[in-house]
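Each chain, letter by letter, is given below.
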Amino acid sequence: MVVTFLASILCLGSYGWTADADFTTVAEQSGYRLTASYDETVDYVRRLEAASPWVKVTVFGQSPQGRDLHCVVVSREGAFTPTAARTTGKVIVLIQNGIHSGEIDGKDACMALLRDICITKSRASLLDSTILLIIPIFNVDGHEINARDTRANQDGPENAGFRTTAQWLNLNRDYMKADAPEMQAWLRLWREWMPDFFIDDHVSDGGDWQYLIQYTMPWHPNAAPSLRRWTRETFDPDVTARTAAAGIKIFPYAFFRGPLSAGVMSYVESPRFSTGYTALWNRPGLLVETHSLAPYRERVLGNHTFLVAVLENISQNATSLKQAIAQADAAMADGVTDSIPFRFQSNGDSTMIDFYGYAVDSAQSAASGEYYPIWDHARPVTTRIPFFGTNVPRLQVAPPRAYLIPREWMEPVARLRLHGVHLDTLRVPWTGAVQMYYLDSAKWGREPYESRFSVTYRTTRHDTVATFPAGTIVVGLRQPAAKVAVHLLEPQGSDALVAWGFWNSIFEQKEYIEDYVIDPLADSMLAHDADLRAAFETRLASDTAFARSPWARRSFFYRRTRFAETQIGWYPVARLVGPIPPTDPLDKR
C-alpha cells in the first residue's frame, strides 16, 4: 500500500500537481541576488513542460555560438502551433525577454508567471481568452557573458548578462536590417505566429524617480488609428488603475527636455526597434522599462504585477482588440494609399502633470570637472511639469502602386523576403512611366554603427520613362507587409536599406581618367567654354578645399565629359505609380 501510494504521488507530479516549491526560481532561491543561467532557464521551462499539459517548449532558431532559441507556448487547449492557435479565436500574446540580456527582469518575472498559470493555477484565468508565447531569453549568447561589471547603472542581479550578442550586435536596432541570425529567426517566428499583442521587457536608466515602470504603447501616428484609439480608451486607463491599486507607479517612457522644470517628452519608435516594427504590422507593441536603480527584487515583482495587469486587460478586452486589429488589416488589404510618416516631432502642445521624483543635490567631480546629480530617497517630491506627449509627422511620403527592383540586387531582395514581403516578377519586358530617386551629398559616419557604415544623403525625385527586363522584382503594396516594404525601400526613411548601407556601391565611381588624359582635356574645355571657365573660377575662389585638391578639380571636369558615369547616385529602385504590368510570383506559393 505504501509503494502504491508513493507511486501515485509521483504520477500526480508528472501531470501538473507538482509541489510549488519544486518551481521556485533561481532569483527567488537567491533572495533576488542572482538570475538563472541559460541552462537553468531551459531546465526550468522543460520541467514546466513535463509537469503541465498546457506547456510546449519550442525551438525557433540557434545563436551564433550554438545555443537554441526557445519559445514557450502556453495554451489550455494544447494549441501549440500557429494554425491550431488561430482556430481557437483567442488573442495570441508574445512576451519577449532578454533582447538586452543584462536587462533580465522580465525573464525571472515570466518564470514565476508560468508557475502561477500552469502549476499553482492561481493565474490560470489569464488563459481564458489568450494563448501565450514567451521567449525567456532572446539574446542567449549575450546572456552568458555575465559578471558583476556588465551593468554599472543597474541594482542587480549580480550575474547580469551583456547588452549585445556574441557578434556585438544590438538586437534592438536590428529589426529592419536583420543582420543577426537571432533576428532572422525571430522574423520567421513572427511571420508564422503573427501575434495579436507584443510585449518587450527591458530595464531603463537615465535618472532617478519614484516610478518603478515606464512603458510605451501605440500612441502616435506610426500606428493605425484603430490601435491608437484602443490604446487610449481601453488599455491605458485600465492598466494604470490596476497597477496603481497594486501600489506601483508607472509613467510613459519619455525623455527629459533639459532641467526637470522644462518637462518631459514622449517619442516615436522607429522600426529598427521592436515596438516600432510591430506597429508596421498593425499589432500593438508594449515596451516595458523597469527602473534600473530599484533593487532587483522590486523590479522582478513589479514586472510580474504589471504583466498580470496587462494580460488581465487583454483577456477582458479580447474582442475589442481583435476588432481594432481587423479594422487596421482591412485598410491594408485595399492597398496603402495614405502617406506614410517617417520622422516625427512634438507638436509643441503639453499638459501639466505631477511628476513623482526625489529631491536632488549635486556635487562636482574632480575627474570630469562637471556636476552630477545625487538623489535623496528620504525626500520624495512631487513637481508640476509640462508633458509633451503628442508627436506629428515631420516627413511623410505618398506610397506608389509598387516598387520595381532590378533582380541583380540580391541582398536587399533577400532582406525583403526575410520580412515576409510578397514579391512578384515581371512576366515580360516592360517600358513605362516611373519615378526614380537621385541621391547626392552622400556622407558616411567615421565609425561603424551596428556593424554598418550608414549613409546620409539628399534625395530628389524625378519622373522618367524606363525599360525593365523580364524577371525584375515587383513589390506591390496590397499585402500585410506593405508598410514594412515602404520603410525598407523609401530612401527618406531612417531604416531604409539604402540608409543602412545595402546600396553603398551606387555612390562609387568605377572608371577613371588618368592625369595625362584629363589635364589636357580640361585645359581645352577651359579655353573653349567661357561659362565653364567662370563656374570653375568661382568654385576656386569660394571653396578652399576644392582649390587645394587636384583630385576634386579633375573630377569637376570629368563629370562634364562624355566619359562620365551617369549612374552614380541613382537609386535603382523605381516607384511605379500607374497600373502594375503582368507579373508572376517570385516564390511558388
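This text goes with the structure placed above it.
In this report, we go over the structure that sits alongside the text. Remember, predicted model here, so these are calculated numbers, not experimental data.

1. As for the overall build of the protein chain
Alright, step 1. Regarding its fold elements, the protein chain presents 17 helices and 21 strands.
Alright, step 2. Dimensions along the principal axes, computed over C-alpha positions, put the protein chain at roughly 110 × 65 × 45 Å.
Alright, step 3. When each of the 589 residues of the protein chain is scored for burial, the buried share is 53%.
Alright, step 4. Considering only intrachain contacts with a sequence separation of at least 6, the fraction spanning at least 24 residues in the protein chain is 78%.
Alright, step 5. Split by element, the accessible area of the protein chain, about 26,400 Å² in all, is 53% carbon and sulfur.

2. Concerning the packing of helix 7 (residues 181-193) against helix 12 (residues 410-418)
Alright, step 1. At a minimum axis distance of 10 Å, the contact between helix 7 and helix 12 shows a crossing angle of 45 degrees. When the axis of helix 7 is compared with that of helix 12, the two are oblique. On helix 12, the residues that touch Gln184, Leu187, Arg188 and Arg191 of helix 7 are Arg415, Arg417 and Leu418.
Alright, step 2. Among the residues making up the contact of helix 7 with helix 12, the classes are represented as two nonpolar, one polar and four charged.

3. Re the side chain of Ser63
Alright, step 1. Along the polypeptide, Ser63 turns up in the loop between strand 1 (55-62) and strand 2 (68-74).
Alright, step 2. Engagement of the side chain of Ser63 in a polar contact is seen with the side chain of Asp141, the distance being 2.7 Å.
Alright, step 3. Beyond its immediate sequence surroundings of up to four residues, Ser63 is in contact with Leu69, Val140, Asp141 and Glu182.

4. What to know about the sheet that holds strand 13 (residues 371-388)
Alright, step 1. Pairing within the open sheet is mixed, and its four strands lie in the order 8-9-13-12. Whereas interior strands pair on both sides, the edge strands pair on one side only; in this sheet they are strand 8 (255-256) and strand 12 (351-364).
Alright, step 2. Bridging between strand 8 and strand 9 (residues 264-265) involves two bridges; their strand directions are antiparallel. Following the sheet pairing, Phe256 is matched in strand 9 by Val264.

5. Examining the environment of Lys483
Alright, step 1. As for its placement among the helices and strands, Lys483 is situated in helix 13 (residues 482-489).
Alright, step 2. For Lys483, a relative accessible area of 12% translates into the label buried.
Alright, step 3. Separated by 31 residues in the primary sequence, Lys483 and Arg452 have C-alpha atoms spaced 24 Å apart.
Alright, step 4. When sequence neighbours within four positions are dropped, the list of residues in contact with Lys483 reads Ala279, Leu280, Asn282, Met332, Val336 and Ile340.

6. Focus on the pairing of strand 3 (residues 91-96)
Alright, step 1. Across the six residues of strand 3, six count as buried, placing the element largely inside the fold.
Alright, step 2. Neither face of strand 3 is left uncovered, since the one carrying Val91, Val93 and Ile95 and the one carrying Ile92, Leu94 and Gln96 both have all their residues buried.
Alright, step 3. In this structure, strand 3 lies alongside strand 4 (residues 130-135), joined through six bridges in parallel fashion. Bridge assignment links Val93 to a residue of strand 4, and that residue is Leu132.
Alright, step 4. Bridge count between strand 3 and strand 5 (residues 197-204): four bridges; the pairing is parallel. Across the sheet, residue Gln96 finds its bridge partner in strand 5, namely Asp200.

Reading guide: rules and limits
- Residues numbered from 1 in each chain as written.
- Predicted model: local features only at pLDDT ≥ 70, side-chain atom pairs only at ≥ 80, totals over all residues.
- Heavy atoms only, no water.
- Helix = DSSP H or I, 4+ residues; strand = E, 2+ residues; numbered from the N terminus.
- Buried < 20%, exposed > 50% of the residue type's maximum accessible area, 1.4 Å probe, protein only.
- Contact = heavy atoms within 4.5 Å.
- Areas by Shrake-Rupley, 256 points an atom, 1.4 Å probe, with all protein chains shown as cover.
- Axes fitted to C-alpha atoms, helices over the stretch in contact; angles between N-to-C directions.
- Parallel < 35°, antiparallel > 145°, perpendicular 65-115°, else oblique.
- Nonpolar A, V, L, I, M, F, W, Y, C, P; charged D, E, K, R; others polar.
- Polar contact = N/O pair within 3.5 Å; in protein donor to acceptor, adjacent residues only side chain to side chain.
- Pairing = 2+ DSSP bridges.

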